[in-house]
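Letter by letter, the chains look like this.
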Amino acid sequence: MTQTEYKKIVDAALEESFKGALSLPLAGLAEAMRYSLLAGGKRIRPILVLEFCRICGGSIEKALPVACAIEMLHTYSLIHDDLPCMDNDTLRRGRPTNHVVYGECTATLAGDALQAEAFGTILRSELASDRKAKCAAYLADAVGLDGMCGGQFLDMLGEGKELSEQELMDINSRKTGALLTAACRMGVAAAGGTERQLDAASFYGAAIGAAFQIRDDMLDVLSTEQELGKPIGSDEQEKKNTYMALFGEKKCAAMIETLTGQAKSILAEAFDDTAFLDDLADSLAVRTN
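A short tour of the structure in this document, coming up. (Residues numbered from 1 in each chain as written. Predicted model: local features only at pLDDT ≥ 70, side-chain atom pairs only at ≥ 80, totals over all residues. Heavy atoms only, no water.)

**Regarding unusual backbone geometry**
For clarity, the threshold we go by: Numbering of helices and strands runs from the N terminus, with a helix taken as a DSSP run of H or I at least four residues long and a strand as a DSSP run of E at least two residues long. For the exposure calls, accessible area comes from a 1.4 Å probe over protein chains only, and a residue counts as buried if that area is under 20% of its type's maximum, exposed if over 50%, partly exposed in between.
Despite not being glycine, N88 shows a phi value in the positive range, around 55°. If you trace the backbone, N88 turns up in the loop between α4 (60-82) and β1 (91-92). Phi is positive for R93, close to 55°, though the residue is something other than glycine. Take R93: it is sitting in the loop between β1 and β2 (95-96). R93 gets classed as partly exposed once you look at its relative accessible area, which sits at 26%.

**A closer look at a nonpolar patch on the surface**
Using the following cut-off: Patches were defined on residues exceeding 30% relative accessible area and lacking a salt bridge, with like-charge contacts within 9 Å and nonpolar side-chain contacts (Val, Leu, Ile, Met, Phe, Trp, Tyr) within 5 Å. Accessible surface is estimated by sampling points in the Shrake-Rupley manner with a 1.4 Å probe; for residues, cover comes only from the protein chains shown. Any carboxyl oxygen of Asp or Glu that lies within 4 Å of a side-chain nitrogen of Lys or Arg is treated as forming a salt bridge with it.
Taken together, the side chains of F153, L154, M156 and L157 present a nonpolar region at the surface, about 360 Å² in accessible area. By the element assignment, L157 lies in helix α8 (residues 148-158).

**Observations concerning the packing of aromatic side chains**
The criterion, for reference: Working definition: a ring pair exists when centres of Phe, Tyr or Trp rings (six-membered ring for Trp) sit within 6.5 Å. Plane angles under 30 degrees give stacked, over 60 give edge-to-face, the rest tilted.
Under the criterion given, the structure shown has 5 aromatic pairs. An angle of 70° between the planes, with centres 5.7 Å apart, marks the rings of F52 and Y204 as edge-to-face. Within this pair, whereas F52 is found in helix α3 (residues 44-55), its partner Y204 is found in helix α10 (residues 195-222), the two being separated by 152 residues in sequence. Side by side, F52 and Y204 carry an identical accessibility label, which is buried.

Below is the structure:
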């Protein structure tokens, strides 16, 4: 299956999310949730869930709710990242951010609800109970105190300070890498994969997560607002610690190449069919948005 085909499957499933609430008194909240959830994007995290499930011999159909769940969780993080109290961004994926359209209070609640619905979607799926539990646990680990929220907190503490490479990696492994790693782990768990497969998936997720963040930092300097779909140059304006600020373009590009190679190499030790994931890692390394 191609990346485009995977994306179509995920988009179709997400389109059905919260439709039933659009005719209820909660319609305004459901509309805000769907506004950001259906705003587009590459759907990398759900695609990773489905592909790792497939190469571990699992059912893509049964894993689809898990794939949708991680996209709900990711969407929640984007809504909250854009809030005035956080990054205060007004543009996301080429459209006004959630709080610009629906107000700060509704946007905050939309993010909160999407986080809760992510776990509910996993737990209501048709996977075996032990597999659902593992998927939910991996997602919780990626988002909580030592995951994405913790990374955001460390990032906030680091504003205005000059951080070391290790401190920057500690932040970004939580802010960006944790959820990508969780996607890979959840795919293995949904299929009932082996510990060896889980370890390889974890390494792959962490490596492409690091490369993804470095590329993000590069694009904030090198891209355009039209191409990126959100404001550029904000990292420099807000004096944020980034890989570009620390290393410059040439070293950042070399780091991405190394991380991508490592991600592909570790996969080959645990899986027979790695062509899709190899190509995905390569495409993310040179993405333009």
